[in-house]
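A closer look at the structure
One-letter residues, chain by chain:
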Amino acid sequence: MNNITAAYIRAHREEDVRQLALQGSRNSAVDLPFALDQIAGWQRARRKLPSWAAVDGLCYPPHISMEQCSSEATGAYKRSVLQRLTQSWHDGTLYDLTGGFGVDFSFLAPLFPKAVYVEHQSRLCEIARHNFPLLGLSHAEVRCAEGEEVLEALPEATSEASVALFLDPARRDSHGGKTVLLEDCTPDVTRLRDRLLQKATLVMLKLSPMLDWHQAAEQLSSVGQYAAVRNAQQEVSTAVIGGVSEVHIVSVGNECKELLLVLTRGFCGAPAVYCVNDGVSFSYRPGEESPQESISDETTGVPDISRFESSEGFDGALYLYEPHASIRKAGCFAEVATRYGVRALGANSHLFVSHEWVRDFPGRQFEVQAVSTMNKRQLKEALRGMTQANITARNFPMTVDQLRKKLRLKEGGDHYLFATTIGHHDHRLLFCKKLN
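Right, let's walk through the structure included here. Keep in mind that what you see is a predicted model, and the values were worked out from it rather than measured.

Basis of the calculations
- Residues numbered from 1 in each chain as written.
- Predicted model: local features only at pLDDT ≥ 70, side-chain atom pairs only at ≥ 80, totals over all residues.
- Heavy atoms only, no water.
- Helix = DSSP H or I, 4+ residues; strand = E, 2+ residues; numbered from the N terminus.
- Buried < 20%, exposed > 50% of the residue type's maximum accessible area, 1.4 Å probe, protein only.
- Contact = heavy atoms within 4.5 Å.
- Pairing = 2+ DSSP bridges.
- Axes fitted to C-alpha atoms, helices over the stretch in contact; angles between N-to-C directions.
- Salt bridge = Lys/Arg side-chain N within 4 Å of Asp/Glu carboxyl O.
- Parallel < 35°, antiparallel > 145°, perpendicular 65-115°, else oblique.
- Left-handed = near helix turned anticlockwise from the far one by under 90°.
- Nonpolar A, V, L, I, M, F, W, Y, C, P; charged D, E, K, R; others polar.
- Disulfide = S-S within 2.5 Å.
- Phe/Tyr/Trp six-rings, centres within 6.5 Å; stacked < 30°, edge-to-face > 60°.
- Lys NZ or Arg CZ within 6 Å of the ring centre and 35° of its normal.

Within the secondary structure, Val276 is located in strand E12 (residues 272-277). Overall, the relative accessible area of 4% leaves Val276 in the buried class. Along the backbone, Val276 and Tyr77 are 199 residues apart, and their C-alpha atoms lie at a distance of 9.3 Å. Setting aside residues no more than four positions away along its own chain, Val276 makes contact with Tyr77, Ile249, Val250, Ser251, Ser281, His324 and Ser326.

Attention now goes to the sheet that holds strand E1 (residues 93-96). The strands making up a sheet associate through backbone hydrogen bonding, with each pair oriented either parallel or antiparallel. Strand order in the open sheet formed by 9 strands is E3-E2-E1-E4-E5-E11-E10-E12-E13, and the pairing between neighbours is mixed. The open sheet is flanked by strand E3 (140-144) and strand E13 (280-284), the only strands paired with a single partner. Each neighbouring strand pair of the sheet contributes to a mean axis angle of 15°, computed without reference to strand direction. As paired strands, strand E10 (residues 242-252) and E12 are joined by 6 bridges and run parallel to one another.

This part takes up the pattern of salt bridges. Inspection of the entire model under this criterion finds 18 salt bridges. For the salt bridge of Arg195 with Glu152, the shortest nitrogen-to-oxygen distance reads 3.2 Å. Residue Arg195 is located in helix H10 (residues 189-199), and its partner Glu152 is located in helix H9 (residues 147-153); the two are separated by 43 residues in the primary sequence. Judged by its relative accessible area of 9%, Arg195 falls in the buried class. Where Lys206 meets Asp168, a salt bridge forms, and the shortest distance between an N and an O atom there is 3.5 Å. Here Lys206, found in strand E5 (residues 202-207), pairs with Asp168, found in the loop between strand E4 (163-167) and H10; they are 38 residues apart in sequence, far enough to count as distant. We note that Lys206, like Asp168, is buried.

Let us now look at unusual backbone geometry. Here the residue pair Thr186 and Pro187 is connected by a cis peptide bond, since its omega of 0° sits within 30 degrees of zero. Structurally, Pro187 can be placed in the loop between E4 and H10. You will see that His350, though not glycine, has its phi angle at about 60°, which is positive. Mapped onto the elements, His350 comes out in the loop between strand E15 (343-344) and strand E16 (352-354).

With that out of the way, let us pick up the packing of H10 against helix H11 (residues 213-221). Where H10 contacts H11, the axes come no closer than 9 Å and their chain directions differ by 45°. Classified by the angle between their axes, H10 and H11 sit oblique to one another. For the crossing formed where H10 meets H11, the hand is right-handed. When H10 is examined against H11, the residues Val189, Thr190 and Arg193 are found in contact with a partner set consisting of Gln219, Leu220 and Ser221. Considered class by class, the residues forming the contact of H10 with H11 number 2 nonpolar, 3 polar and 1 charged.

It is worth spelling out the pairing of E13 at this point. Relative to E13, E12 runs antiparallel, the two being bridged by 5 bridges. Of the residues in E13, the one forming a bridge with Asn277 is Val280. What sits between E12 and E13 in their antiparallel hairpin is a turn of 2 residues, with Asp278 showing a positive phi close to 50°.

Two cysteines, two sulfur atoms, one covalent bond between them: this is a disulfide. Under the counting rule described, the total for this entry stands at 0 disulfides. Cysteine Cys275 shares no disulfide, and the gap to the nearest cysteine sulfur, in Cys332, comes to 4.1 Å.

The next thing to look at is the packing of aromatic side chains. By the definition in use, this model includes 15 aromatic pairs. Residues Tyr321 and Phe361 carry aromatic rings whose centres are separated by 4.9 Å and whose planes lie at 35° to one another, so their mutual orientation is tilted. Of this pair, Tyr321 sits in strand E14 (residues 319-323) while Phe361 is found in the loop between E16 and strand E17 (363-372), placing the two residues 40 residues apart along the sequence. By relative accessible area, which is 3% here, Phe361 ends up buried. The ring of Trp42 carries the charged tip of Arg13 above its face, separated from the ring centre by 4.1 Å.

Moving on to the sheet that holds E17. Pairing is mixed across the open sheet formed by 7 strands, whose spatial order is E15-E16-E14-E17-E20-E19-E18. With one partner strand each, in any of the chains shown, E15 and strand E18 (388-394) form the two edges of the open sheet. Note: E17 against strand E20 (residues 426-434), 6 bridges, orientation antiparallel. Directly across from Ser372, in E20, lies its bridge partner Leu429. Docked against the sheet, helix H16 (residues 400-407) engages E18, strand E19 (410-422) and E20, running at close to 140° with respect to E18.

Further remarks concern the environment of Glu367. The residue Glu367 is located in strand E17 in this model. A residue is classified by how much of its surface remains accessible, and Glu367, at 25% relative accessible area, is partly exposed. Sequence-wise, Glu367 and Cys432 are 65 residues apart; in three dimensions their C-alpha atoms are separated by 5.4 Å. Once residues within four sequence positions are removed from consideration, Glu367 is found in contact with Leu318, Tyr319, Phe431, Cys432, Lys433 and Leu435.

Okay, here's the thing in structure tokens:
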């Protein structure tokens, strides 16, 4: 990048990239396509990676890499997990076998005296070599190679040489279409599972939040068989024990962003599951707490909220809870009900209530102000003076759009309306005030 292009980037980085593309540049010395990529990258980093955007001189990749890279919040979370898991290591090496733009690597590398970034795209390797020193990662080694080739060349892990591997398999096929299944990603970690556990003390995988984590953990936790390893003397085939020791479902702003699986050599048993949203975490280990087997009428008892339908006012208080996105993804509703002493409204509604406010419940919390059936008279009373509301439909025969049209309510405002099913068949609308 020449000085004139750098000056153009600094002068215009706050402006609309589309307008800049239409206007062009009067100075032919400006590398306009590159400059526009840098401006667009910095603008996205300012929202997604503020600590990177604050560093002058960083180089940003084309749009697709910026779109796929981790955010600062998820990168920092991965660092906290790996720091906890490696705190007893006296020494250690990190290999990021799917380097990409290097965001995750930049958060993880400071934890290790030796950190190796591996990426097969030469352009991304050039960007990494430029950026890492600016980010304080002077010890980082950049290798332009296929991750599987580097994995194959690594020696077997020993107690004297601890190794952590990080992989973020590409979730797009050769035609650019999105993939979700583990075996359809690149590299296929189901195929590499035994090799990964042979070469590393622990492995962290970043996967699609769309993935069924139960299936993924099962695929990666069975006792496998190493592929034949050729050395100078003979073909060797060795059994390997190990698997998924931790599952992390990570949400930001109540939107599920990442699924992290930690594989540990020698581990057997049920993994610990961490459901995280904006720093609020709910963790459990399936089977350990002996929770209710399922959320159903028989196990929880359907709460009687009929008295809250009275036009004469409430008898006591009623609080409504909506677990955050990571808990909903995990499906650990019985564990939540048991730990926090709340009761499920129905088998498939995934909403809970209590008569005492549970302030530390991991999710959104509301005070119920009215309850109504779809009866016109009841609805008219409950909707009196209301012109807009935030509507959520859970296990209800009408969509949010259909409800909004029927109730003639605009979106937004301070009112919250939950349409759900109590038990198996009683449809109710709960009008609420948000508490947190």
